[in-house]
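Spelled out, the chains give:
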Amino acid sequence: MSTEIRVPQLPESVADATLVAWHKQPGDPIKRDENLADLETDKVVLEVPAPANGVVREIRVQSGTVVTSGQVLAVIDEGEAVAAKAAAGGAVSGAAPGAAAVRAAPAAPAAAAEPGRDGGRLSPSVRRLVEENRLDPAAIPASGRDGRLTKGDVVEFLDKKPASAAPAAAIAAAAAASAPAPAAARAAAPATRPAAPQPPAPAGARAEQRVPMTRLRARIAQRLIEAQSTQALLTSFNEVDLTAVQELRARYKERFEKQQGVKLGFMSFFVKACIEALKRFPVVNASVDGNDIIYHEYYDIGVAVSTERGLVVPIVRDADLKGFAQIEKEVADYARKARDGTIGLADLTGGTFTITNGGVFGSLMSTPIVNAPQSAILGMHKIQDRPMVLDGQVAVRPMMYLAVTYDHRIIDGREAVQFLVTVKEALEDPGRMLLGI
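Anyway, here's the lowdown on the structure attached to this text. (Residues numbered from 1 in each chain as written. Predicted model: local features only at pLDDT ≥ 70, side-chain atom pairs only at ≥ 80, totals over all residues. Heavy atoms only, no water.)

Brief notes about the packing of helix α10 (residues 267–280) against helix α11 (residues 324–340)
Running from N to C, α10 and α11 point in directions that differ by 115°, and their axes come no closer than 9 Å. Note on packing geometry: the crossing formed by α10 with α11 is right-handed. Residues Met-267, Ser-268, Phe-269, Val-271 and Lys-272 of α10 touch α11, and the partners they reach there are Phe-324, Ile-327, Glu-328 and Val-331. The residue inventory of the contact of α10 with α11, partitioned by class, reads six nonpolar, one polar and two charged. (Axes fitted to C-alpha atoms, helices over the stretch in contact; angles between N-to-C directions. Helix = DSSP H or I, 4+ residues; strand = E, 2+ residues; numbered from the N terminus. Left-handed = near helix turned anticlockwise from the far one by under 90°. Contact = heavy atoms within 4.5 Å. Nonpolar A, V, L, I, M, F, W, Y, C, P; charged D, E, K, R; others polar.)

Things to note about helix α5 (residues 151–160)
Where α5 is concerned, the buried positions are Lys-151, Asp-153, Val-154, Phe-157 and Leu-158. Relative to the axis of α5, the buried residues are bounded by an arc of 160° and lie together on one face. Turned more than 90 degrees from where α5 packs its buried face, Asp-159 and Lys-160 sit exposed. (Buried < 20%, exposed > 50% of the residue type's maximum accessible area, 1.4 Å probe, protein only. Arc of directions from axis to C-beta.)

Quick notes on the sheet that holds strand β4 (residues 35–40)
Spatially, four strands are ordered β5-β4-β2-β7 in an open sheet, and the strand pairing comes out antiparallel. Two strands close off the open sheet at either side, each with one partner strand: β5 (45–49) and β7 (66–67). (Pairing = 2+ DSSP bridges.)

Some remarks on the packing of aromatic side chains
Throughout the structure, instances matching the rule amount to two aromatic pairs. Ring plane angle 65° and centroid distance 5.1 Å describe the contact between Phe-269 and Phe-324, whose orientation is recorded as edge-to-face. With Phe-269 in helix α10 and Phe-324 in helix α11, this residue pair connects regions lying 55 residues apart in the sequence. In this pair, the class of Phe-269 matches that of Phe-324, namely buried. Arg-249 extends its terminal NZ or CZ atom over the ring of Phe-266, reaching a point 4.2 Å from the ring centre. A cation over a ring is seen here: Arg-386 above Tyr-401, with NZ or CZ 4.3 Å from the ring centre. (Phe/Tyr/Trp six-rings, centres within 6.5 Å; stacked < 30°, edge-to-face > 60°. Lys NZ or Arg CZ within 6 Å of the ring centre and 35° of its normal.)

Topic: the pattern of salt bridges
Note on pairing: side chains with opposite charge can pair once their charged atoms come close. Scanning the entire structure with this criterion turns up 15 salt bridges. Close ionic contact of Asp-333 with Lys-337 constitutes a salt bridge, the shortest N to O distance being 3.9 Å. Taken together, the positions of Asp-333 and Lys-337, both in helix α11 and four residues apart, correspond to about one turn of that helix. On the basis of relative accessibility, which here comes to 18%, the residue Asp-333 falls in the buried class. Each of the salt bridges in this network shares a partner with another, and the network as a whole consists of Glu-4, Arg-6, Glu-58 and Arg-60. (Salt bridge = Lys/Arg side-chain N within 4 Å of Asp/Glu carboxyl O.)

Re the packing of α10 against helix α12 (residues 413–428)
At their nearest, the axes of α10 and α12 sit 8 Å apart, and the two run at 135° to each other. Here α10 is positioned oblique relative to α12, judged by the angle of their axes. Taken as a pair, α10 and α12 cross one another with a handedness that is right-handed. Taken together, the residues of α12 that come into contact with α10 (itself represented by Phe-269, Phe-270, Ala-273, Cys-274, Ala-277, Leu-278 and Arg-280) are Phe-419, Thr-422, Val-423, Ala-426 and Leu-427. When its residues are assigned to classes, the contact of α10 with α12 shows ten nonpolar, one polar and one charged. (Parallel < 35°, antiparallel > 145°, perpendicular 65-115°, else oblique.)

By themselves these figures say nothing about function.
See the structure below:
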């Protein structure tokens, strides 16, 4: 039975998507729920799963095409028997024997990347690394949740075995040379796949490359320009002494991790401190809609996460109702899913205030741009030991510069400065957050 593979129903906020990669070609056997293709939207990469076991009969949309909800992408022939024949190199029903041999051959590289582990569970970035380096996922130690491979696992595996790709290529070449004549036709089939990256230009050459932006990068650029052109952005700075937070973390981090199953980081302290400040200055948690100001009486805090594809901002919803452990778990889980490419659109929708941490990259000071339609964003930076004068004495303290960028249309300088001072005071005396004073 033939089945059409269509673009999944996209959310209301997403008009279309770009088909960025096919993981199967005509003649390849497929398993139920195995990922067939990647669709890139403005925010995330969506996977197109196979509805049943079978074989890919036809691909109707090529990589790089913009598609919409319900559009037909490919046609598959369902059935265990059909998939078994294709995997064994047999003829696909309705095709000439010679054509079947050529079509079935591309399944080999895909199958080589999947033994011992369900290829459909690999994220797009991980699958791409595995296929490009012709690795066996079962041979790579997995550190992700539920035994999933992460990109870091693959990179670490490649670093430990830099020459592993060479033997695989040699084995493949030897097998092709010793195979009978039909194998030559099968070996030629993978040439229809995307060409390998061009080698770097020789030294001294003034080469240039024109590469189209990904949808996510283009969307980020559009939103940043919109924020700067529609909002009156201004940044205020302060600095915070993190001695008390560091001492608290050092005192309880082992017990906290043992009981809660997650490390006690800095982000939960900053989220809690910002919530205390937002409660005192509600306009910082507000947004503009035409000539109206919308005061949000809930606290959905966005935490910016940098990925290879670009910056995404997953949302910790109702953060004021959550404890330190739950906040740390959600932030860590969002960061993992964002880097693995498995984060969902719902995780990135909404938000009333954002925190971004340029300090993880060594930034000492910056002026972050507001994540519209929000009205403010807090910038964290690198912790640096500096001499400070305390009670007439010079002491070395772990200091961090804080920055808050805000929309001056609705937030006055007085409120922005006092908001930042409240964050500073909460972090310098964390007990106040527990006592609510």
